[in-house]
Amino acid sequence: MKFKELEIKGVWLIEPQRLGDARGYFCEVYKPELLREHVGDIHWVQENESVSSYGVLRGLHFQRGEWSQAKLVRVTRGRVLDVVVDLRRSSATFGKHLAVELSEERGEQLFIPRGMAHGFVVLSESAQFQYKVDNVYCPESEMSLRFDDPALGIDWRLRPDEFRLSPKDMAGLPLSEIPPFDL
């Protein structure tokens, strides 16, 4: 596995080393000691999976305070644009985002530390998305950041009429209205 820290401190792209032949391939997707070496000691408490069709945008979600979550995400079928926004007020990259295309073909994973808003949009006909979290879901602590906030300037790669959002995701707050928090 190869680890590359991205433009936002603490966000890592993890590339598998696939060993393949005519039958297919084999790769390691999770080794606690390697993760600990690069990102610290993380204890996953839950693994989730979603299946979504083209244009579905899930996010930008985050949990505040003691319920904040680190995530390890990957796509096992299809292709998504995965987006992370730094909400740590003390960070040099507060309010900045990064976008990474994740696909089953490449098998890359993204480690997202606590203090980030996270979301993705499906670019293929459908996508299966898996993620580990280091804290349980707490509905009272969850918030959504507006996916189309001009202050963020995220290029989701879709036309406005192609998005499919839940009412919760449509009601996200702009960055300027997110209450301050830090870890």
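Rules and cut-offs
Residues numbered from 1 in each chain as written. Predicted model: local features only at pLDDT ≥ 70, side-chain atom pairs only at ≥ 80, totals over all residues. Heavy atoms only, no water. Helix = DSSP H or I, 4+ residues; strand = E, 2+ residues; numbered from the N terminus. Buried < 20%, exposed > 50% of the residue type's maximum accessible area, 1.4 Å probe, protein only. Lys, Arg positive; Asp, Glu negative; His and termini not counted. Salt bridge = Lys/Arg side-chain N within 4 Å of Asp/Glu carboxyl O. Contact = heavy atoms within 4.5 Å. Phe/Tyr/Trp six-rings, centres within 6.5 Å; stacked < 30°, edge-to-face > 60°. Lys NZ or Arg CZ within 6 Å of the ring centre and 35° of its normal. Pairing = 2+ DSSP bridges. 1 Å grid on protein atoms, 1.4 Å probe; cavity = no way out; pocket = protein on both sides within 12 Å on 5 of 7 lines; lining within 4 Å. Points joined across faces, edges and corners; volume = space filled by probe spheres on them. Nonpolar A, V, L, I, M, F, W, Y, C, P; charged D, E, K, R; others polar. Axes fitted to C-alpha atoms, helices over the stretch in contact; angles between N-to-C directions.

A few words on the side chain of Lys71. Position of Lys71 relative to the elements: it lies in strand S7 (residues 71-77). Glu142 provides the closest opposite charge to the buried, unpaired Lys71, separated from it by 7.2 Å. Not counting residues within four places of it along the chain, the set of residues in contact with Lys71 comprises Trp44, Leu110, Phe111, Ile112, His118, Tyr131, Lys132 and Val133.

Here the focus is the packing of aromatic side chains. Within the structure shown, the criterion is met by five aromatic pairs. Taken together, the aromatic side chains of Phe120, Phe129 and Tyr131 make up a single cluster linked through ring pairs. One residue, Arg18, lies across the ring of Tyr25, its end atom 4.0 Å from the ring centre. When the ring centre of Tyr30 is taken as reference, the NZ or CZ atom of Lys132 above it lies at 5.2 Å.

We now examine the pairing of S7. For S7 and strand S10 (residues 109-112), the ladder comprises four bridges, and the chain directions are antiparallel. Considered in S10, the bridge of Arg74 is made with Gln109.

This part takes up the environment of Lys132. With respect to the helices and strands, the residue Lys132 is situated in strand S12 (residues 126-133). Given a relative accessible area of 16%, Lys132 falls into the buried group. Sequence-wise, Lys132 and Arg74 are 58 residues apart; in three dimensions their C-alpha atoms are separated by 9.2 Å. Setting aside chain neighbours within four positions, we find Lys132 in contact with Tyr30, Trp44, Gln46, Glu47, Ala70, Lys71 and Leu72.

Let us look at the pairing of strand S6 (residues 57-63). Along S6, six of the seven residues are buried, which leaves the element largely enclosed by surrounding structure. Across three bridges, the pairing between S6 and strand S11 (residues 116-122) is antiparallel. What sits directly across from Leu57, in S11, is Val121. The pairing of S6 with strand S13 (residues 142-144) spans three bridges and is antiparallel. Pairing of Gln63 across the sheet is with Glu142, part of S13.

Structurally, Ser103 can be placed in strand S9 (residues 97-103). Taking relative accessible area as the criterion, Ser103 reaches 2% and is therefore assigned buried. Leave out the neighbours within four places in its chain, and Ser103 touches Val75, Gly78, Arg79 and Glu108.

Moving on to the environment of Val29. Along the chain, the position of Val29 falls in the loop between strand S4 (24-26) and helix H1 (32-39). Note: C-alpha distance between Val29 and Gln17 (twelve residues apart in sequence) is 9.0 Å. When sequence neighbours within four positions are dropped, the list of residues in contact with Val29 reads Met1, Arg74 and Gln109.

The final tally for this structure, using the stated rule, is one cavity of 30 Å³ or more. Around the largest cavity sit Met1, Phe3, Ile14, Val29, Tyr30, Lys31, Leu35, Leu72 and Gln109, which together line it. Residues that form the lining of the largest cavity fall into these classes: seven nonpolar, one polar and one charged.

In spatial order, the strands read S9-S8-S11-S6-S13; together these five strands make up an open sheet with antiparallel pairing. Strands at the two margins of the open sheet, each flanked by one partner only, are S9 and S13. Each strand axis lies, on average, 25° off the axis of its neighbour in the sheet, ignoring direction. Pairing geometry for strand S8 (residues 79-86) and S11, over seven bridges, is antiparallel. When the sheet's bridge partners are listed, Leu81 is paired in S11 with Val121.

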